[in-house]
Amino acid sequence: MRTLVPTLLAGAVSGACLLATAGTALAADPPATASPSAMTGHRAEARQHFFDTLDANHDGVVSRAEYQAWVDSRFAGLDSNGDGSVDATEIESSPKTAERVQKRAEAFVKRYDQSGTGKVSRRDFEATEMARFDRIGGGADSVTEEQLAAHRHGMKHGHAPRQDGDAGTDGG
């Protein structure tokens, strides 16, 4: 039980960190050029990288001790003031959170900046979003709740239906 508590705490803290960054992240479509298999390949690559990080001795399995070492390191990285507990302010101000927010902000600008100025004008934003509306509704003048829900579900799983030539790239 003693080793389970830190593991559960690390999971909760990791979840809280993700939630903290999600609050500032902008919902966006996956890249128009990324196929579902490319998205799956990226996730598989990320999973492998995470496993390799955990598997410190690279024997192909993660021992309880290796996982505990990762938990300890992860918590230490979050506990910026070293007091043995983590609050929302520490997570919000962590370098990893700042890096994630920066990447999302850069992806947002890349996705919406149609003029190439490094800034998103109202015109850029409207054009991209209205193109998304047209894509969701298949060019119709209205969309149903089901169409929106199907589109949003696909976004969460990285495989929304796309047509060649759709505008937009991901914000992540």
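Residues numbered from 1 in each chain as written. Predicted model: local features only at pLDDT ≥ 70, side-chain atom pairs only at ≥ 80, totals over all residues. Heavy atoms only, no water.

1. A closer look at the overall build of the chain
When its secondary structure is counted, the chain shows seven helices and zero strands. Along the chain, helices and strands appear, N-terminal first, in the series α-α-α-α-α-α-α. Here the chain holds 172 residues, and 26% of them are scored as buried. The contacts of the chain with a sequence gap of at least 6 include a subset with a gap of at least 24, amounting to 53%. In the structure as shown, the chain presents an accessible area of about 11400 Å², 58% of it carried by carbon and sulfur atoms. (Helix = DSSP H or I, 4+ residues; strand = E, 2+ residues; numbered from the N terminus. Buried < 20%, exposed > 50% of the residue type's maximum accessible area, 1.4 Å probe, protein only. Contact = heavy atoms within 4.5 Å. Areas by Shrake-Rupley, 256 points an atom, 1.4 Å probe, with all protein chains shown as cover.)

2. Section: the side chain of threonine 128
Considering the arrangement of structural elements, one finds threonine 128 in helix H6 (residues 122-137). Sequence-distant contacts of threonine 128, defined by excluding residues within four places in its chain, comprise Arg111, Tyr112 and Gln114.

3. As for the packing of aromatic side chains
On inspection of all chains with the given rule, the structure shows five aromatic pairs. Geometrically, the ring pair formed by phenylalanine 50 and tryptophan 70 is edge-to-face, given 5.3 Å between the ring centres and 85° between the ring planes. Of this pair, phenylalanine 50 sits in helix H2 (residues 36-54) while tryptophan 70 sits in helix H3 (residues 64-78), and the two are 20 residues apart along the sequence. Each residue in the set Phe50, Tyr67 and Trp70 is aromatic and connected to the rest through ring pairs, giving one cluster. (Phe/Tyr/Trp six-rings, centres within 6.5 Å; stacked < 30°, edge-to-face > 60°.)

4. Notes on unusual backbone geometry
A positive phi is found at histidine 58, a non-glycine position, where the angle reads about 55°. Its place among the elements puts histidine 58 in the loop between H2 and H3.

5. A word on H3
For H3, built from 15 residues, the straight-helix expectation of 21 Å at 1.5 Å per residue is met to within 8% by its first-to-last C-alpha distance of 21 Å. Along H3, the residues classified as buried are Glu66, Gln68, Trp70, Val71, Arg74, Phe75 and Leu78. (Expected span 1.5 Å × (residues − 1).)

6. Topic: H6
Taking 1.5 Å as the rise per residue, H6 with 16 residues should run 22 Å; its terminal C-alpha atoms sit 22 Å apart, in good agreement. Buried within H6 we find Asp124, Thr128, Arg132, Arg135, Ile136 and Gly137. Phi turns positive one or two residues past the end of H6, at glycine 138, with a value near 60°.

7. A few points about the environment of aspartate 83
As for its placement among the helices and strands, aspartate 83 is situated in the loop between H3 and helix H4 (88-92). A relative accessible area of 48% means that aspartate 83 is categorised as partly exposed. A polar atom in the side chain of aspartate 83 sits 3.0 Å from the backbone nitrogen of serine 85. (Polar contact = N/O pair within 3.5 Å; in protein donor to acceptor, adjacent residues only side chain to side chain.)

8. What about the confidence of the model for the chain?
With 66% of its residues at a pLDDT of 70 or more, the chain shows a mean pLDDT of 75. In this model residues 1-34 is a low-confidence stretch, pLDDT under 50, and it forms 61 contacts with partners more than four residues away in sequence or in other chains. Within the model, pLDDT remains below 50 along residues 158-172, and this stretch shows 38 contacts once partners closer than five positions in the same chain are excluded. (pLDDT = per-residue confidence, 0-100.)

9. Comments concerning the packing of helix H5 (residues 95-112) against H6
One way to put it is that H5 packs onto H6 with a least axis distance of 9 Å and a crossing angle of 80°. As summarised for this structure, H5 and H6 are arranged roughly perpendicular, according to the angle between their axes. Contacts between H5 and H6 pair Phe108, Arg111 and Tyr112 from the former with Asp124, Phe125, Thr128, Glu129 and Arg132 from the latter. Here the contact of H5 with H6 is composed, by residue class, of three nonpolar, one polar and four charged. (Axes fitted to C-alpha atoms, helices over the stretch in contact; angles between N-to-C directions. Parallel < 35°, antiparallel > 145°, perpendicular 65-115°, else oblique. Nonpolar A, V, L, I, M, F, W, Y, C, P; charged D, E, K, R; others polar.)

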